[in-house]
Amino acid sequence: MKKQMIFVFLVCSLLACRSRVDGGGGQEQTKDLVSWISIPIKESPIVGQEITYNMPDASAYWKGVFVKDRKVKLSPYSLSQYEVTYELWYKVRMWAINKGYVFTHAGWEGSVVQNGGEEPTEKKTHPVTYVSWRDVVVWCNAYTEMKNGEVTECVYRLNGEPVKIAVDTEGFADFDKNLVCDLSKTGFRLPTEAEWEYAARYQGEDSTNAQKYGDVYLTNANSPSGGKDNWKNRDDTDRVAWFKKNSESHTHPVGEKEPNILGLYDISGNVYEWCYDYFYDDVKLNDSEYTENDVVINPKGPKYADGLEYRISRGGGYAGNQRHCITGYRFVTAPFYYQKDLGFRLAKTNK
C-alpha cells in the first residue's frame, strides 16, 4: 500500500509539473498556455511628472509616455503574465491557417533559427520571435476566434471586418492606414504603449525607487521593471532581465527571472515586446482625439501619416544593452520588420 501511495504521489507531481511553463516561477498555466494578470487601475488619472534623475541621455525616447502634466486614464485591462511562447504561437497559427488566416512569417522558437515554423521542440517555452507587427495583429484575431468560436470580439478590423491576412510588403500602407483597433472588444490584442508602460512601472503604494504619478507610484523610468535601482546596477538588472551581458546570446524560457510587483515576468529583457502605437518623439501628438476634460482616455498614439509609419516595441531584449531594459525606453520598429529579439505579450480589455 505504501509503495502504491508513493507511486500515485510521483505521478501527480509529474502531471502538475507538466502544466507549468518551464522556468515559470511555479506559476500555474491554463490549458491554453496563458496566465493573466489583472492590472490595478486607480479612479484618478496617472499624472505625468518631470524626470529629474539621470537617464542614459537627454533624448525624449528614454522618458516614456507619462511626461510632465500629461494626465492619462486607462480602462480596466489584463496582460499575459509571460511573453507569448513559441508553443502557444504554433498552436494558434496552425489552427488559424486552416481557417483562412495568412501569416508572412512563421515565427521562431526564440533565438533557435533552424526551427522556423516547425513543430515545437525542447525550446517551446522560449518566447516566439521573428514575427512582424502585422503577423501579430492577425494572430491575435485568430486566437480570439479560436477561443470564442466567432469573430465578434476581434479587436483589429479593416473596412469593418476582422483582418485575417498579414501583408508584410515594405511600403504597403493600406493595412496600417486603415486598420482599426477597437478597445471596446474583449478579444486578444497588443497592449497600447500606455498600458505596457503603466504595468511595467506600477508600484502601487510602494515608493521604493519610484515617483508618485497622481495616486500611484511608478518605478523610475531609468530602471528595469521590478528593479530597485537604476540600470547601472548590474546585479539588480541581472535579477529581473536577460540582456547582452548575461544572456549568452540567446533567449531563455519565459519566467526564469524575478517578476515585477504585479507578477509579470520578462517585461524587461529576453525579447522586446510589440505595442500597438505608432512612434513619434512627442507622445502627446494626437492626444486631442482621446481627451475629455483635460484627461487623455485610453490613448492609442498618433494616426498613420507620411513619415509616421513605425510602431513601438518596449522592454529591451537578450541581444541589447543593459540600458535598453529600462521602463522608459521607447524603441521604434517598422511594422513589416522582424528580428531575433522581438516578440510580444498579450493584452485584453476587462469588462
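It should be emphasised that the depicted structure is a prediction, and the values quoted were computed from it without experimental measurement.

Draft legend 1. Here's a closer look at the pattern of salt bridges. Tallied over the entire structure, the rule returns 17 salt bridges. For Arg70, the salt bridge identified is with Asp287, shortest N-O distance 2.7 Å. Of this pair, Arg70 sits in the loop between β2 (46–47) and β3 (71–73) while Asp287 sits in the loop between β13 (272–278) and β14 (291–292); the two residues are 217 residues apart in sequence, bridging distant segments of the chain. The pair Arg70 / Asp287 is uniform in exposure class, with both members buried. The residue Glu258 makes a salt bridge to Arg239 at a minimum N-O spacing of 2.8 Å. Placement of Glu258 in the loop between α6 (234–240) and β13 and of Arg239 in helix α6 is noted, with a sequence separation of 19 residues between them.

Draft legend 2. The environment of Tyr90, seen in detail. Locating Tyr90 in the fold gives a position in helix α2 (residues 86–97). By relative accessible area, Tyr90 is classed as buried at 16%. Residues Tyr90 and Glu119, spaced 29 residues apart in sequence, show a C-alpha to C-alpha distance of 7.3 Å. Look past the residues within four positions of Tyr90 in its chain and what remains in contact with it is Gly117, Glu118, Glu119 and Pro120.

Draft legend 3. Molecular detail of helix α3 (residues 133–148). For α3, built from 16 residues, the straight-helix expectation of 22 Å at 1.5 Å per residue is met to within 8% by its first-to-last C-alpha distance of 23 Å. Along α3, 13 of the 16 residues are buried, which leaves the element largely enclosed by surrounding structure.

Draft legend 4. The arrangement of the sheet that holds strand β1 (residues 36–38) in detail. If you trace the three strands from one edge of the open sheet to the other, you get β1-β4-β19, paired in antiparallel fashion. Sheet topology places β1 and β19 (347–349) at the edges, where each strand pairs with a single neighbour. Across this sheet, the average inter-strand angle for adjacent strands is 25°, counted without regard to direction. Across three bridges, the pairing between strand β4 (residues 77–80) and β19 is antiparallel. Paired with Ser78 across the bridge in β19 is Lys348.

Parameters and conventions
Residues numbered from 1 in each chain as written. Predicted model: local features only at pLDDT ≥ 70, side-chain atom pairs only at ≥ 80, totals over all residues. Heavy atoms only, no water. Salt bridge = Lys/Arg side-chain N within 4 Å of Asp/Glu carboxyl O. Helix = DSSP H or I, 4+ residues; strand = E, 2+ residues; numbered from the N terminus. Buried < 20%, exposed > 50% of the residue type's maximum accessible area, 1.4 Å probe, protein only. Contact = heavy atoms within 4.5 Å. Expected span 1.5 Å × (residues − 1). Pairing = 2+ DSSP bridges. Axes fitted to C-alpha atoms, helices over the stretch in contact; angles between N-to-C directions.

By themselves, these observations are geometric and do not establish any function.
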